[in-house]
Amino acid sequence: MSETTTATERATGDRADEPAATGERADLLAMLAKSRHFLRFTTRDLTDEQAGRQTTVSELCLGGLIKHVTATERGWADFIVTGPSAMDDFTAMTEADWARRADEFRLLPDETLASVLADYAEVARRTDELVASLPDLDATHPLPEAPWFEPGARWSARRVLMHIIAETAQHAGHADILRESLDGAKSMG
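Now for a quick tour of the structure.

So, how was this worked out
- Residues numbered from 1 in each chain as written.
- Predicted model: local features only at pLDDT ≥ 70, side-chain atom pairs only at ≥ 80, totals over all residues.
- Heavy atoms only, no water.
- Helix = DSSP H or I, 4+ residues; strand = E, 2+ residues; numbered from the N terminus.
- Buried < 20%, exposed > 50% of the residue type's maximum accessible area, 1.4 Å probe, protein only.
- Contact = heavy atoms within 4.5 Å.
- Areas by Shrake-Rupley, 256 points an atom, 1.4 Å probe, with all protein chains shown as cover.
- Core = buried A, V, L, I, M, F, W, Y, C linked by side-chain atoms within 4.5 Å.
- Axes fitted to C-alpha atoms, helices over the stretch in contact; angles between N-to-C directions.
- Parallel < 35°, antiparallel > 145°, perpendicular 65-115°, else oblique.
- Nonpolar A, V, L, I, M, F, W, Y, C, P; charged D, E, K, R; others polar.
- Left-handed = near helix turned anticlockwise from the far one by under 90°.
- Salt bridge = Lys/Arg side-chain N within 4 Å of Asp/Glu carboxyl O.

Helices and strands together make up the secondary structure of the protein chain, namely 7 helices and 2 strands. Listing every helix and strand of the protein chain by position from the N terminus yields α-α-α-α-α-α-β-β-α. Sorting the 189 residues of the protein chain into buried and exposed places 41% on the buried side. The long-range share in the protein chain, meaning contacts at least 24 apart out of those at least 6 apart in sequence, stands at 72%. If you sum the accessible surface of the protein chain, you get close to 9800 Å²; carbon and sulfur atoms cover 53% of it.

What follows is the structure in structure tokens.
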């Protein structure tokens with residue numbers, strides 16, 4: 001799929017080589033596409049240095065937020081396919097594991113805004129294809145071990161997708177604040 005393929009084309013299957021998402025799936029993918037757009041839009045016309053700058057008391061930067069949302073979406077999409085083995089057992093993570101996870105929120109010296117945006121576009125494409133082709137949005141997996149999940153809880157593919165949408169929308173709002181703090185530019189208002 002080219003980078004110019006629109007969310008509408010993905011949702012409606014206007015490309016012959018892709019499955020069409022209809023009904024609920026098309027609606028969910030359209031909501032996700034809108035949140036992705038706002039998140040990406042916050043980085044328009046930025047340099048790598050600007051994308052890596054912390055503009056608030058938070059450790060967040062725009063490039064790091066894109067990386068985090070990318071990793072989150074990738075992990076949850078993999079969870080839909082393979083279950084909890086696709087994700088870390090957060091109860092067993094070491095200090096080094098947590099440090100690597102913290103790097104997910106930073107634009108590291110060897111990374112560029114263009115490269116993290118390209119990775120995000122690829123993950124988005126894969127998620128959209130997965131959602132369009134899933135046999136059943138009701139299929140469930142047990143959640144991975146983590147202190148923030150109820151023990152024994154299961155999530156359906158639908159709930160995972162709604163979680164990805166919520167995460168993306170929340171972080172698009174964070175990104176809007178970071179961008180406005182950087183140079184006064186607004187993305188959503």
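On we go.
Formed by 27 residues in total, the largest nonpolar core has its most connected members in Trp76, Phe79, Leu143, Trp155 and Val160. Of all the secondary-structure elements, those providing two or more residues to this core are helix 2 (23-41), helix 4 (62-82), helix 6 (113-133) and helix 7 (157-183). With 5 residues, helix 7 is the single largest residue contributor to this core. In this structure, leucine 143 is in contact with Trp76, Phe79, Pro84, Phe149, Ala153, Arg154 and Trp155, ignoring residues within four places of it in sequence. Residues Leu39, Leu46, Val69 and Ala172 belong to the second largest nonpolar core, which totals 17 residues.

Let's shift gears to the environment of proline 109. Topologically, proline 109 is positioned in the loop between helix 5 (95-103) and helix 6. Note: C-alpha distance between proline 109 and glutamate 49 (60 residues apart in sequence) is 9.3 Å.

This part takes up the packing of helix 2 against helix 6. Following both chains from N to C, one finds helix 2 and helix 6 inclined at 175 degrees, their axes separated by 10 Å at the closest point. Looking at the two axes, helix 2 sits roughly antiparallel to helix 6. Between helix 2 and helix 6, the contacting residues are Arg25, Leu29, Leu32, Arg36, Leu39 and Arg40 on the first element and Leu117, Tyr120, Ala124, Thr127, Asp128, Val131, Ala132 and Ser133 on the second. For the contact of helix 2 with helix 6, a count of residues per class yields 8 nonpolar, 2 polar and 4 charged.

Taken N-terminus to C-terminus, the directions of helix 4 and helix 6 make an angle of 25 degrees; their axes are 9 Å apart at the nearest point. Accordingly, the angle class assigned to the pair helix 4 and helix 6 is roughly parallel. Note that helix 4 runs across helix 6; the crossing there is left-handed. Facing helix 4, whose interface residues are Gly63, Ile66, Lys67, Val69, Thr70, Glu73, Arg74, Ala77, Asp78, Ile80 and Val81, helix 6 presents Val116, Leu117, Asp119, Tyr120, Val123, Ala124, Arg126, Thr127 and Leu130. Along the lines of polarity and charge, the residues of the contact of helix 4 with helix 6 split into 11 nonpolar, 3 polar and 6 charged.

So, about the pattern of salt bridges. Pairs can form between side chains of opposite charge once their charged atoms are near each other. Taken as a whole, this structure holds 14 salt bridges when the rule is applied. A salt bridge links arginine 36 to glutamate 73, with the nearest nitrogen and oxygen atoms 2.6 Å apart. Linking arginine 36 in helix 2 with glutamate 73 in helix 4, this pair joins segments that are 37 residues apart in sequence. The exposure class of arginine 36 is buried, given its relative accessible area of 1%. With a relative accessible area of 1%, glutamate 73 lands in the buried category. In this structure, glutamate 59 and arginine 106 form a salt bridge, with 3.4 Å as the shortest nitrogen-oxygen distance. A residue pair is termed long-range when its members are at least 10 positions apart, and glutamate 59 in the loop between helix 3 (48-51) and helix 4 and arginine 106 in the loop between helix 5 and helix 6 qualify at 47 residues. Linked by salt bridges that have partners in common, Glu24, Asp138 and Arg158 make up one network.

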